[in-house]
Amino acid sequence: MIDIRDVSKSFTLHNQGGAVIRVMEGASLHVAPGECVALTGASGAGKSTLMRVIYGNYLAASGSVLVGGLDVARAEPREILRLRREVLGYVSQFLRVVPRVPTVEVVAEPLLALGVDPEAARARAEALLRRLNIPERLWPLSPTTFSGGEQQRVNIARGFAHAYPALLLDEPTASLDAENRAVVLELIAEAKARGAAIVGIFHDVEARARVCDRVVDVSGFTPGVAA
Amino acid sequence: MSPLLRVAGIEKRYGARIGCADVSFDLYPGEVMGIVGESGSGKSTLLNCLAGHLAPDAGQVIFDTWRMGPVDTVTMSEPERRMLSRTDWAFVHQHARDGLRMSVSAGGNIGERLMAVGDRHYGRIRAAALDWLDRVEIDGARIDDRPSAFSGGMQQRLQIARNLVTGPRLVFMDEPTGGLDVSVQARLLDLLRGLVRRMGLSAIIVTHDLAVVRLLADRLMVMKDGRVVESGLTDQVLDDPQHGYTQLLVSSVLQV
Ligand SMILES: Nc1ncnc2c1ncn2[C@@H]1O[C@H](COP(=O)(O)OP(=O)(O)O)[C@@H](O)[C@H]1O
Ligand SMILES: Nc1ncnc2c1ncn2[C@@H]1O[C@H](COP(=O)(O)OP(=O)(O)O)[C@@H](O)[C@H]1O
Ligand SMILES: [Mg+2]
Ligand SMILES: [Mg+2]
């Protein structure tokens, strides 16, 4: 489902003397349907960068990034947008939303974008919010003023609204209490059971052990360091 | 799916000065493209060439029309172009007064557009005007008021209603939120996003505000000195800009 081959990534800072920061070289990763692979490595090793490259948010300098058969490193914007609508979900570390939009709509949006009936989309959104213990009185409000943990749960609810065949999870349990962490791990297990290919970053070793089938240390892709 | 708009090699000069040059891109149905760049970079010149308000010195603007299929709007006759601008296109100006008739009531501003495409049924026109006032969050009770009595944000929403009532397929917008307070901008953006999604519109939005394109645009084109220096998926261009000018643009704003 996700097949990354020999990907490199660098940042050229044109306004800082053209400094080139080489972040990644020779990155390869294969994730089959129903499998969850954890990315590990010290802070700054490139875990989030690799995830963003898979999502098409960062441009790979070379190599191929196949997701559901589409090479994200070369695809047109509209092909990537379609992939993101239908195939590839992403729970980023921070929630980014349009001001004024109620929480329940934020969560239902991926389904509405797919043309799902609004009533059904809303019902699914409400079920997820309830499961993630977001109090019902918050549903009609914009999540912009919520606490960090609440925003993260809204972000997770949105990421799981549609049954994406592939999912990227960047520290989905970072600021959650034990109860909500357990819910997120359940959601991940269910996604795996229906065949989703998942790439995750988990600081929490126990959580990682519970849901991940394999671990890939991205330090092995750091330029100039022998793998 | 074939493109709604194919732009090839558009160039416009003002004497020796370049307005815009060498601009080519395809826009597909339902796509929203943002054009960013600092003041004087050629955004408005380009938009006006695309919308038929300015005659480019070179290039083609091939639009897939309802009636005739793909046609080069640069070489079509003026009456044909005028008709197209009523039936297939909409143009939202930065200053609402440029896109509204200030001496005509709010309802009249909306109804006039329907009459321009041949609707003559008073009851139906009035009902459509009321429906559109509601969609842009203007109280129906204000239908007989003139736009001069409206706030800036309301005028802009009325301009949008006037433009969208005829069900265009492509909307051109030049700094649609410029000059509005931040909170008013947010409301307008939210409204525009909803309308674009529900009506399946294609749109080209010119702005110098990166937060606006982050929210509204699928794709981004960055202009400098009349030329496109970078283009791509909006979040990719903003989060991983490749060109020095885009990096400067992105790093000069606090957070988008
Ligand atoms: N947009 C960017 N511009 C420049 N450098 C970046 C950018 N994004 C990430 N980096 C650099 O890439 C390296 C890897 O970062 P990151 O992927 O966030 O690491 P991790 O998620 O493993 O902590 C860091 O040195 C970081 O500074
Ligand atoms: N009517 C005009 N006559 C002469 N020069 C013009 C005219 N309109 C625009 N220009 C010039 O063309 C360039 C691009 O302008 P414009 O398209 O308005 O940029 P933007 O919309 O990005 O601010 C600028 O150098 C501007 O001074
Ligand atoms: Mg990270
Ligand atoms: Mg301008």
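Anything mentioned here points back to the structure above.
Residues numbered from 1 in each chain as written. Chains lettered and ligands numbered in written order. Predicted model: local features only at pLDDT ≥ 70, side-chain atom pairs only at ≥ 80, totals over all residues. Heavy atoms only, no water.

### Re the overall build of chain A
Then step 1. Helices and strands together make up the secondary structure of chain A, namely seven helices and nine strands.
Then step 2. Whereas a compact globule of 227 residues would reach a radius of gyration of roughly 17 Å, chain A reaches 18 Å, a difference of no more than 12%.
Then step 3. Taken along its principal axes, the extent of the C-alpha atoms in chain A is 50 × 40 × 35 Å.
Then step 4. For chain A, buried positions account for 52% of its 227 residues.
Then step 5. Sequence-distant contacts in chain A: of pairs separated by 6 or more residues, those separated by 24 or more amount to 69%.
Then step 6. For chain A, the distance from the average position of its 25 positive side-chain charges to the average position of its 25 negative side-chain charges is 3 Å. (Helix = DSSP H or I, 4+ residues; strand = E, 2+ residues; numbered from the N terminus. Rg over C-alpha atoms; globule rule 2.2 N^0.38 Å. Buried < 20%, exposed > 50% of the residue type's maximum accessible area, 1.4 Å probe, protein only. Contact = heavy atoms within 4.5 Å. Lys, Arg positive; Asp, Glu negative; His and termini not counted. Charge placed at Lys NZ, Arg CZ, Asp CG, Glu CD.)

### A few points about the site of ligand 1
Then step 1. In the vicinity of ligand 1, the contacting residues are Phe 11, Val 23, Ala 42, Ser 43, Gly 44, Ala 45, Gly 46, Lys 47, Ser 48, Thr 49 and Tyr 58 of chain A together with Asp 239 of chain B.
Then step 2. Ligand 1 sits at the junction of chains A and B, each of which supplies nearby residues.
Then step 3. Interatomic distance of 2.9 Å between a backbone N/O atom of Ser 48 of chain A and an oxygen atom of ligand 1.
Then step 4. Isolated, ligand 1 exposes 560 Å² of accessible area, and the fraction of that covered by the protein chains is 66%.
Then step 5. When residues in the shell around ligand 1 are grouped by element, the largest group, three residues, is from helix H1 (residues 47-55) of chain A.
Then step 6. Its residues assigned to classes, the shell around ligand 1 shows five nonpolar, five polar and two charged. (Near = heavy atom within 4 Å. Polar contact = N/O pair within 3.5 Å; in protein donor to acceptor, adjacent residues only side chain to side chain. Areas by Shrake-Rupley, 256 points an atom, 1.4 Å probe, with all protein chains shown as cover. Nonpolar A, V, L, I, M, F, W, Y, C, P; charged D, E, K, R; others polar.)

### A few points about the sheet that holds strand S3 (residues 32-36) of chain B
All names here are of chain B.
Then step 1. Pairing is mixed in the open sheet, where six strands are placed in the order S6-S7-S8-S3-S9-S10. Across the chains shown, the open sheet's two edge strands, defined by having one partner strand only, are strand S6 (89-92) and strand S10 (227-233). Within this sheet the neighbouring strands show an average axis-to-axis angle of 15°, counted without direction.
Then step 2. Note that strand S9 (residues 219-224) and S10 share six bridges and pair antiparallel. Bridging from a neighbouring strand, Val 222 pairs with Glu 230 of S10.
Then step 3. Packing against the sheet, helix H1 (residues 43-50) makes contact with S3, S6, strand S7 (170-174), strand S8 (202-206) and S9, and its axis sits at approximately 155° to S7. (Pairing = 2+ DSSP bridges. Axes fitted to C-alpha atoms, helices over the stretch in contact; angles between N-to-C directions.)

### Quick word on the pattern of salt bridges
A side chain with one charge can pair with a side chain of the opposite charge if their charged atoms come near.
All names here are of chain A.
Then step 1. Throughout the structure, instances matching the rule amount to 30 salt bridges over all chains.
Then step 2. Glu 136 is paired through a salt bridge with Arg 130; the nearest N and O atoms lie 3.9 Å apart.
Then step 3. Under the relative-accessibility criterion, Glu 136 is labelled exposed at 52%.
Then step 4. What makes Arg 130 partly exposed here is its relative accessible area of 48%.
Then step 5. Between Arg 181 and Asp 204 there is a salt bridge whose closest N-O contact spans 2.4 Å. You can see Arg 181 sitting in helix H6 (residues 178-193) and its partner Asp 204 sitting in the loop between strand S8 (197-201) and helix H7 (205-211), a full 23 residues away along the chain.
Then step 6. Sharing partners across several salt bridges, the network here consists of Arg 131, Glu 186 and Glu 190. (Salt bridge = Lys/Arg side-chain N within 4 Å of Asp/Glu carboxyl O.)

### Description of the sheet that holds strand S6 (residues 88-91) of chain A
Residues and elements named next belong to chain A.
Then step 1. Strand order in the open sheet formed by five strands is S6-S7-S8-S3-S9, with parallel pairing between adjacent strands. Lying at the two open borders of the sheet, with one neighbouring strand each, are S6 and strand S9 (214-217). Between one strand and the next, the sheet's axes are offset by a mean angle of 20°, whatever the strand orientation.
Then step 2. When S6 meets strand S7 (residues 166-170), the two strands line up parallel, connected through four bridges. In the strand pairing of S7, Leu 88 is matched with Ala 166.

### Structural notes on the pairing of S3 of chain B
Residue and element names in this part refer to chain B.
Then step 1. When you tally the buried positions in S3, you get five out of five residues, the bulk of the element.
Then step 2. Burial of the side chains of S3 extends over both faces: Val 32, Gly 34 and Val 36 are buried on one face and Met 33 and Ile 35 on the other.
Then step 3. In this sheet, S8 lies alongside S3 in parallel orientation, the contact comprising four bridges. Directly across from Met 33, in S8, lies its bridge partner Ile 204.

### Digging into the interface of chain B and chain A
Then step 1. On the side of chain A, 24 residues touch chain B, which itself brings 24 residues to the contact.
Then step 2. At the boundary of chain B with chain A, total buried surface from both sides reaches about 2100 Å², with 51% on carbon and sulfur atoms.
Then step 3. The tally of links from chain B across to chain A stands at four salt bridges.
Then step 4. Here Glu 137 of chain B makes a salt bridge to Arg 100 of chain A, at a shortest N to O gap of 3.7 Å.
Then step 5. Secondary structure elements with two or more residues in the side of chain B that touches chain A: helix H7 (182-199), helix H8 (210-216), S10, helix H9 (234-239) and helix H10 (244-251) of chain B.
Then step 6. Sorting elements by how many residues they give to the side of chain B that touches chain A places H7 of chain B first, with five residues.
Then step 7. Along the lines of polarity and charge, the residues of the side of chain B that touches chain A split into six nonpolar, six polar and twelve charged. (Buried area = accessible area lost by both parts, 1.4 Å probe.)

Function-wise, these values are silent; they only describe arrangement.
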